[in-house]
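What the coordinates show
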Amino acid sequence: MIDYDYLRPDNLEEALRLLKEYGPKAAIIAGGTDVMVKIRNTRKAPEVLVSIRGLNDLRYIDKAGDYRIGALTTHRMLEESDLVKTELSALYDGASKVGSVQVRNVATIGGNICNAAPSADTAGPLLVLDAVVFMEGPDGKRSVPITEFFTGTYRTVLKREEVLTEIRIPGEMEEFGSAYWKHSRRKAMNLPILGIAVSVKMDDQIISDVRIGLTVAAPTPVRAYKAEDFLKGRPLSDEALSEAGRIAASTECCSLRDSLRGEAWYRAEIIETYVPRMARLAAERISKRRSK
Ligand SMILES: Cc1cc2nc3c(=O)[nH]c(=O)nc-3n(C[C@H](O)[C@H](O)[C@H](O)COP(=O)(O)OP(=O)(O)OC[C@H]3O[C@@H](n4cnc5c(N)ncnc54)[C@H](O)[C@@H]3O)c2cc1C
């Protein structure tokens, strides 16, 4: 039997007060799908779990200029949102591939990125959608771009007493099409060997802007900036996309990880293959939306 206190604040203020009061003895729990697995596996628990699950004010998806997603929004809510599916398609792709329906019903987007596993399925999509992460703590509110949020494997800029409250995606991203590929060994319930997300803005057949995000490739999710720079202003041709895939897979963008789930050479081949495919899918999606 592993012992811990389980506290259920009614609002964010109370949650912040409890986190401050218990300091290093406390940890936040949202859906609990990472926290409880860790407790079970390590047979160790924090003295106090502060459950934010009841803070329903942090459960929403809306668009008012920018897209706003509350930290407690579940993967299932993202998967079932037409707005997410049509306008933030990469995030739909990522959220709808997390675990099983049972997991997606309780697991939250906030928990996914705060846990900061290299395999987090919403991290790549959020990178290519230019997401900004909002946090609140004893010193007030602050925000950082998602590109600065992850500091290492299972590490983020989030301070112990802070709660992630919202993920915001700039309204301009509605002009981009996006797509995410989760590469794993079998379809159901598997963490990715690699995640590849791409968003593109098209001006006729020319790629006027592009973002490429890679997850599990390196210790933190990364943008393949060199490959993006290469693609900007080029036509959506096989030659340009293949070269972008090659650059994204090279050390110009990141040094690929060797791990039990996949060796670096294999990851490079997947990147070369799927960067072009995801760019084409993203372009198709934005062109379909425009023609409606
Ligand atoms: C069977 C199974 C399959 C899974 N499959 C996948 C998969 O395919 N892809 C994938 O990406 N993940 C997968 N996961 C991992 C997990 O479901 C996700 O990472 C999920 O999104 C975590 O959300 P949660 O709300 O359950 O987080 P929790 O477990 O509650 O919390 C995770 C971490 O984030 C912190 N935290 C949570 N919310 C906040 C907040 N608002 N502010 C500050 N800190 C916070 C917690 O303190 C903890 O450190 C799987 C898990 C299981 C059990």
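Further remarks concern the overall build of the protein chain. Scanning the protein chain from N- to C-terminus turns up 11 helices and 14 strands. For the C-alpha atoms alone, the extent of the protein chain along its principal axes is close to 60 × 45 × 35 Å. A burial count over the protein chain gives 46% of its 292 residues as buried.

This part is about the site of the ligand. If you check the shell around the ligand, you find 30 residues, and the closest are G31, G99, G111, N112 and C114. If you list the elements that add at least two residues to the shell around the ligand, you get β2 (26–29), α2 (35–42), α7 (109–115) and β10 (163–169). Tallying contributions element by element places α7 first for the shell around the ligand, with five residues. Here the shell around the ligand is composed, by residue class, of 18 nonpolar, 10 polar and two charged. Both domains that furnish three or more residues to the shell around the ligand are identified here as domain 1 (5–51) and domain 2 (56–172).

Take the nonpolar core next. I196, V198, V200, A248, I271, V275 and M278 are the most contacted members of the largest nonpolar core, which has 87 residues in total. With 10 residues, the top contributor of residues to this core is helix α11 (residues 264–290). What M278 contacts, discounting residues up to four positions off in sequence, is A179, W181, I196, A197 and V198.

Below, the discussion takes up the domain arrangement of the protein chain. Assigned domains within the protein chain: domain 1 (5–51), domain 2 (56–172) and domain 3 (178–290). Look at where the C-alpha atoms of domain 1 and domain 3 centre, and you get two points 36 Å apart.

With that settled, consider the pairing of β10. Look at any regular strand and the pattern is simple: side chains alternate between the two faces of the sheet. By the criterion of burial, β10 is predominantly enclosed, with six of the seven residues buried. Pairing geometry for strand β5 (residues 66–70) and β10, over four bridges, is antiparallel. Looking at β10, one finds that R68 is bridged to R168.

On the secondary structure map, G177 appears in strand β11 (residues 177–183). Accessibility expressed as a C-beta count within 10 Å gives 25 for G177, which makes it buried. On a C-alpha basis, the gap between G177 and A282 in space is 4.5 Å, while along the polypeptide they are 105 residues apart. Discounting chain neighbours no more than four positions away, the residues touching G177 are S89, S199, V200, A282, A283, R285 and I286.

Time to look at the sheet that holds strand β12 (residues 194–203). Spatially, β11-β12-β13-β14 is the arrangement adopted by the four strands of the open sheet, whose pairing is antiparallel. With partners counted over all chains shown, the strands left at the sheet margins are β11 and β14 (222–223), one partner each. With seven bridges connecting them, β11 and β12 associate as antiparallel partners. Its bridge partner being in β12, K182 is matched across the sheet by G195.

What counts as what
Residues numbered from 1 in each chain as written. Predicted model: local features only at pLDDT ≥ 70, side-chain atom pairs only at ≥ 80, totals over all residues. Helix = DSSP H or I, 4+ residues; strand = E, 2+ residues; numbered from the N terminus. Buried ≥ 20, exposed ≤ 12 C-beta atoms within 10 Å, placed from the backbone. Near = placed C-beta within 6 Å. Nonpolar A, V, L, I, M, F, W, Y, C, P; charged D, E, K, R; others polar. Domains from an automatic or database assignment. Core = buried A, V, L, I, M, F, W, Y, C linked by C-beta atoms within 7 Å. Contact = placed C-beta atoms within 7 Å. Pairing = 2+ DSSP bridges.

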